[in-house]
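# Understanding the architecture of this molecule
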Amino acid sequence: MNTIKMTTYVEDQKTLETCVNLGFHKVLIEEPHFSLLCQKEWTEKIDYRHIDSLYETGKALNPELEIVFNLDLMAHDQDLQGIKALIDHLQKIGYDGIRVQDMGLASLVKNIAPEIHLEVHTVTGNYNSQAIAFIENAFSPSIKSIVFSKEIPYKDLKDMNEASTLNNEIMVHGPILLFYSKRRLIHESDFTEESHVGAERYGLFLQEKKRPDEYFRFLDNPHGSFMFHSEILCLIRQIPKILALGVPFALFDFRGEKLEVIRDVSNVFKSPLQKLESPSGWDEKGDELMARIQKHYPQKLGEGFFLENLTDSHTRVKESGETQWVAKVLGVVKEKVMALEVLVPI
């Protein structure tokens, strides 16, 4: 079994100190002008002192800590001058890496700061092995890591990682982004006053009629509008399969979470990610750890890989009115075939 290192987003000193103490190997520094979902309050000017102080604090706490700047802005031409200045500044300060999702910005990083390693986190565009190979070849030798999309089936993830030469990453815990637009849909609507959650940030929850207990979160900030799934991704039950992938880094998205949640969820994952003695008997242990994490969230936790969601089950209703699980979904090819594990005689 492989050992996996932990990565997470950081935007303030307390979160940074907490994550270093928890043993995170890599932190992604955020600043609201350059990081799409940064929870730090918006300021009129770019806070370079904030960027510098987080780097200095991180290296002082742990000289081996990998400190990467999260430049996941989807940029227009008018943004490029400021971004070039930022890349040059990060290089002078000594940042270990820069993470982008815009291919144009990946090219800028490679050209302006070739000594800084490049990480690519594409929400779209890396669903297949050809896309992964293109990104590796196009940005070599600067590129060091690709964050795989959450919408890649497990088998494809395994094949793609085995074919890659990089230190790649998968997300194991955090909100699932469904939609992004540069348009500020809430800010420009009648909901603005009741949805205000901070300087230049707005949020709403959309309830689905057929699933009254599920709420889809909408967030609006100066970068645009975001829609999230009603469930929080949590792959704690999938630890043996994650280790078998051979992906070196696991990404946790705790943005907006309390320190208590960060500590407890990280500690739940930490031990098995670093050393799982045996996958046998993990189902029972995974259930126990999942329940521990669920206590922190009002939302349901989504536990499966894409097209392989083990939370999907078929049910029947007994004469008593009680709902009984009869099978769980092992795998799906959409609109073609579904593999089920039958749990009780039907």
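These lines cover the structure that appears in this document, whether it is placed above or below. (Residues numbered from 1 in each chain as written. Predicted model: local features only at pLDDT ≥ 70, side-chain atom pairs only at ≥ 80, totals over all residues. Heavy atoms only, no water.)

Attention shifts here to the packing of helix α2 (residues 48-61) against helix α3 (residues 80-93). At a minimum axis distance of 11 Å, the contact between α2 and α3 shows a crossing angle of 30°. Compared by their axis directions, α2 and α3 come out roughly parallel. Crossing angle aside, the handedness with which α2 passes α3 is right-handed. Contact residues: Y48, I51, D52 and Y55 in α2; G82, A85, L86, H89, L90 and I93 in α3. (Axes fitted to C-alpha atoms, helices over the stretch in contact; angles between N-to-C directions. Helix = DSSP H or I, 4+ residues; strand = E, 2+ residues; numbered from the N terminus. Parallel < 35°, antiparallel > 145°, perpendicular 65-115°, else oblique. Left-handed = near helix turned anticlockwise from the far one by under 90°. Contact = heavy atoms within 4.5 Å.)

The next thing to look at is the packing of aromatic side chains. By the definition in use, this model includes seven aromatic pairs. With a centroid separation of 5.7 Å and 20° between ring planes, the pair formed by F252 and F254 is classed as stacked. Taken individually, F252 and F254 each receive the classification buried, so the pair is uniform in this respect. Three or more aromatic residues joined by ring pairs form one cluster here, namely F24, F252, F254 and F269. Sitting over the face of the ring of F249, K26 holds its NZ or CZ atom 4.2 Å from the ring centroid. In this structure, K241 is placed above the aromatic ring of Y154, and the distance from its NZ or CZ to the ring centre is 4.5 Å. (Phe/Tyr/Trp six-rings, centres within 6.5 Å; stacked < 30°, edge-to-face > 60°. Buried < 20%, exposed > 50% of the residue type's maximum accessible area, 1.4 Å probe, protein only. Lys NZ or Arg CZ within 6 Å of the ring centre and 35° of its normal.)

A few words now on the packing of helix α8 (residues 259-274) against helix α9 (residues 282-294). Closest axis-to-axis distance for the α8/α9 pair is 9 Å, and the angle between their directions is 165°. Considering the angle they form, α8 stands roughly antiparallel to α9. Note on packing geometry: the crossing formed by α8 with α9 is left-handed. Two secondary-structure elements touch here, α8 through D264, V265, V268, F269 and P272 and α9 through W282, L289, R292 and I293. Residue composition of the contact of α8 with α9, grouped by class: seven nonpolar, no polar and two charged. (Nonpolar A, V, L, I, M, F, W, Y, C, P; charged D, E, K, R; others polar.)

Turning our attention to the nonpolar core. Judged by nonpolar contacts, the single largest core of 86 residues is most densely connected at L71 and F269. Per-element accounting of this core gives the leading share, six residues, to α8. Leaving out residues up to four positions away in the same chain, F269 has contacts with V172, H173, C234, L235, I236, I239, F252 and I293. (Core = buried A, V, L, I, M, F, W, Y, C linked by side-chain atoms within 4.5 Å.)

Looking now at helix α1 (residues 13-22). Along α1, the residues that are buried comprise T15, L16, T18, C19, V20 and L22. Each element contacted by the buried residues of α1 is listed here: β1 (5-10), β2 (26-29), α2 and α8. Its side-chain oxygen placed 3.2 Å from the backbone nitrogen of K14, D12 serves as the N-cap of α1. Positive backbone phi, approximately 95°, marks G23, located one or two places after α1. (Polar contact = N/O pair within 3.5 Å; in protein donor to acceptor, adjacent residues only side chain to side chain.)

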